[in-house]
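If you want the building blocks of each chain, they are given just below.
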Amino acid sequence: MDLRVVIKKSICAMCANNCGILVYVKDGKVLKICGNPDNPLSRGFTCKRLASAVQWLNHPDQLMYPLKRVGQRGEGKWKRITYEEAMDEIAEKLKDLKEKYGPQILAVSEGTLRYAEFWMRARFMNLFGSPNMFQPGVICGLNRETIGAAIAGFRVNSKNGNLQNTRCVVVQGFNPKGSSPMLAQQMREIKALAPGRLRVIAIDPRDTGIASEETDIQLKLRPGTDAALMLSWLNIIINEELYDQDFVREYTFGFDKLAERVQDYPPKRVADITGITVDKIIESARIFATTKPALIFGGVGSDQIGFNSTRVEQAAACLMAITGNIDIPGGKAVPNYPGIEIDGNRPLRDSDMELTDKLTKKQKAKHIGGDRFRLMGYPGYEAWAPAYKKTYGVPAPTMHTVSANEPMIYRGIINGDQNRIRALIIWASNPLNRTANTKLVYRALKSTNLELSIVLDFFMTPSAEIADYVMPSASFLEMPYWTTWEDFADVCCFGEAAVEPLGERKDAFYFWRDLGVRLGQEQYWPWKTHEEVMEYRAEPIGYSFEKLVQIAGLVPPVQFKKHEKRGFATSTGKFELYSTVLEKLGYDPLPYYKEPPESPTSTPETAKSYPLILTTGGRSVPQYHSEHHQIGMGMRERHPNPIVDIHTETARQLDINDGDWVYIETKRGRIKQKARVTDGIRPDVVNCEASWWYPEMPGEEPSLHGFLESNANVLTVDDLDACDELVGGGSLRALLCKVYKA
Ligand SMILES: Nc1nc2c(c(=O)[nH]1)N[C@H]1C(S)=C(S)[C@@H](COP(=O)(O)OP(=O)(O)OC[C@H]3O[C@@H](n4cnc5c(=O)[nH]c(N)nc54)[C@H](O)[C@@H]3O)O[C@H]1N2
Ligand SMILES: Nc1nc2c(c(=O)[nH]1)N[C@H]1C(S)=C(S)[C@@H](COP(=O)(O)OP(=O)(O)OC[C@H]3O[C@@H](n4cnc5c(=O)[nH]c(N)nc54)[C@H](O)[C@@H]3O)O[C@H]1N2
Ligand code: SF4
Ligand SMILES: [Mo]
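A brief look at the structure comes next. (Residues numbered from 1 in each chain as written. Chains lettered and ligands numbered in written order. Predicted model: local features only at pLDDT ≥ 70, side-chain atom pairs only at ≥ 80, totals over all residues. Heavy atoms only, no water.)

Regarding the overall build of the chain
Here is step 1: Check the secondary structure of the chain and you find 27 helices and 25 strands.
Here is step 2: Against the globule reference of 27 Å for 742 residues, the chain gives a C-alpha radius of gyration of 25 Å, in line with a compact fold.
Here is step 3: Out of the 742 residues belonging to the chain, those deemed buried represent 65%.
Here is step 4: Relative to all contacts within the chain whose residues are 6 or more apart in sequence, the contacts with residues 24 or more apart total 75%.
Here is step 5: For the chain, the separation between the mean place of its 91 positive charges and that of its 92 negative charges on side chains is 1 Å. (Helix = DSSP H or I, 4+ residues; strand = E, 2+ residues; numbered from the N terminus. Rg over C-alpha atoms; globule rule 2.2 N^0.38 Å. Buried < 20%, exposed > 50% of the residue type's maximum accessible area, 1.4 Å probe, protein only. Contact = heavy atoms within 4.5 Å. Lys, Arg positive; Asp, Glu negative; His and termini not counted. Charge placed at Lys NZ, Arg CZ, Asp CG, Glu CD.)

Okay, here's the thing in structure tokens:
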């Protein structure tokens, strides 16, 4: 027994903020955790969720040993096997399937930034020969990522601003108090220290408490109509000549065509579409254009509206560009790719580790959905990545800019297509809860057409309950960390494992490496430990693993006006208001508005029976998606039930009281949540929480931990025609529903 207290410098991964933490450890057990003030990004910040980390790690439901299914999928019959046995069997089956059908039959489904180093699975998959990796990112910022990459060479509409110098923030479909506590605190502090300095324009059908009544503007638009609103702002700013003429002339491409397009969106027409008055549209556009520097913080509100979602991001990026808010202090900083440089050398980025060139052209063509949702496939990547490499001198990452289409994958499995996915590794994700159209996902994951299914997780989730193998994973407290946020940031943060993995849990590095070695990839996995990989990546700058942990992160100073010298990373070298990449891919090169696939206007018949507009999501701090629902770790106790927001007047008409359990029903099915009656939402909109399941309910069928009880994705849509035309994300918001007492 060792009774000394040791302080480990780790990274919290209970959300993607990845704050630096100090973990107090005695005799191999975590005593307490607090923020690491030396972490150059989080500087000691932590949120309330971290307070539950010790209880979380010690929770009796944490998975400890590999499990193999022995009954039917979902019967709840499992056998404990050793890690080596599980890996041998999985490798054997994969070898067999690959020989019979080719390597593209293997897919990887992963969670959003649940793990720091996605290059590992990319490396494994590129060497295995399959292009089919997918994740929820297509409804969570990857539309923003890829459209940004296509038109400017970076993500324009993002949250990593430098608010000290910013005078106006547009908070669009974004709920920082619930989803981004660090940023919400920063905004609160600025508003308290310098009242009136930061103007906030909130674009949200709900009141998210980030805009104040006195100084700010709230645009409670009809869900799904953001593109129309932004195009109208463009209309006003261009017609009133409120744009930055020098920037537009010198650094943008296609202004005249954009100016022509936005004539279709006069404020009067857009007032009818969005439900916001003409005066408010004009006033807010003028404030945005004239209060500089300004930023647009886009959340996932409009990423999840299906068909039109990427066009919102495109229009928002055009707004940032024509107002000259790019690459200036207080505006949108262009990442200083390749980022960290020490004496002319740089540590290896994630994209340096992926081995994308090992995947042949022939295999890339087998990417499911790549020919339909082309911006998210190799056609898109190959259209923009050369300019990225030329401008920044490093390869563009594919990790989150290329994704197979999830709805097409499930349909292929259910239909028994010859070229379908036959083996699936679900890494740090819970598709039964996260993905639109849960009932279809369920049919696919249960189908015998899917011959092998493996889940890597901490807990027995609904998705794990219907897998063939469940592999228990080491968590952030049990493994070292190196994060570049998948290369979308020009910074790195590092951390060490605080304790040894519990039971037979494994850091995923070993899963990918050990599987690779078993499948003939040995020469590409020369490192025996995860720490060794980190030293390999830091070799060019000569830092040891210990030194990385001590410094906790590398954050180069932000530089501005870089575009004046090197231009933008596009084929024209300009910020493309008219996208040559979209043109090349056969899409409309300009942003435009289209009604949501289901709405009072596009489907009036449906609206007769389902008169309310549904949005799903709206985070609150205790839970992180489908995580932290277990009883006994503090978080479920703080937020025990799923909440649906309903306007006071609407609730009165429906005879619903605050705290009542109600059904929310769409054409796809119904779920139950608890009503929160409020004035802070549009009367025609209800918002229910996503991702609910009940770990305390039976794990076997038919319950699968109550995965259909309160899960918003029972209500949502993944029809291909409803998906975003460019990236293929489903329609999770702006749907039609009815609500009644349960
Ligand atoms: N209707 C509706 N659906 C939504 C949303 C919405 O707003 N509305 N939001 C969407 C968004 S933005 C997202 S990002 C997705 C999220 O979808 P996912 O990323 O799939 O998130 P979770 O459902 O929480 O599943 C993550 C799982 O990974 C496990 N896990 C976490 N970290 C690790 C790790 O390091 N290793 C391993 N092996 N496992 C780990 C957790 O225990 C959990 O079971 O959901 C989407 N779904
Ligand atoms: N506590 C907690 N924090 C999280 C997460 C979590 O699950 N829990 N998830 C993390 C992840 S992966 C993500 S992606 C982020 C997401 O973080 P956010 O982007 O903040 O997501 P939400 O909290 O769903 O807030 C979206 C807002 O959009 C509004 N909205 C709905 N429909 C529309 C629309 O059509 N237009 C507009 N303009 N607004 C609309 C909703 O009312 C809501 O206020 O949060 C991250 N942080
Ligand atoms: S859960 Fe809280 S402490 Fe942990 S990374 Fe996220 S914001 Fe930071
Ligand atoms: Mo997300």
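A short note on the nonpolar core
Here is step 1: In terms of nonpolar packing, the biggest core is built from 104 residues, with Ile201, Trp233, Phe288, Ile322, Ile326 and Phe575 touching the most fellow members.
Here is step 2: At 10 residues, the largest contribution of residues to this core is made by helix H7 (residues 226-239).
Here is step 3: Apart from the residues lying within four places of it in its own chain, the contact partners of Ile322 are Leu234, Ile237, Ile238, Tyr243, Asp244, Val248, Phe255, Leu258 and Leu577.
Here is step 4: The next biggest cluster of nonpolar side chains, apart from the first, holds 70 residues, and it includes Tyr83, Leu355, Ile454 and Tyr469. (Core = buried A, V, L, I, M, F, W, Y, C linked by side-chain atoms within 4.5 Å.)

Quick look at the packing of H7 against helix H10 (residues 267-274)
The axes of two packed helices give the description: the angle between them and the distance between them.
Here is step 1: Here H7 crosses H10 at 165°, and the two axes come no closer than 9 Å. With respect to H10, the element H7 is oriented roughly antiparallel. The handedness of the crossing between H7 and H10 comes out as left-handed. Along the contact surface, H7 presents Ala228, Leu229, Ser232, Asn235 and Ile236, while H10 presents Pro267, Val270, Ile273 and Thr274.
Here is step 2: Per-class residue counts for the contact of H7 with H10 are six nonpolar, three polar and no charged. (Axes fitted to C-alpha atoms, helices over the stretch in contact; angles between N-to-C directions. Parallel < 35°, antiparallel > 145°, perpendicular 65-115°, else oblique. Left-handed = near helix turned anticlockwise from the far one by under 90°. Nonpolar A, V, L, I, M, F, W, Y, C, P; charged D, E, K, R; others polar.)

A few points about the pattern of salt bridges
Here is step 1: What the rule picks out here adds up to 49 salt bridges.
Here is step 2: When the shortest N-O distance is used, the salt bridge between Asp352 and Arg346 registers 3.0 Å.
Here is step 3: Put simply, Glu406 and Arg434 hold a salt bridge, and the shortest N to O gap is 2.8 Å. Of this pair, Glu406 sits in helix H16 (residues 406-415) while Arg434 sits in helix H17 (residues 431-434), and the two are 28 residues apart along the sequence.
Here is step 4: One salt-bridge network, in which partners are shared between bridges, spans Arg69, Arg73 and Asp468. (Salt bridge = Lys/Arg side-chain N within 4 Å of Asp/Glu carboxyl O.)

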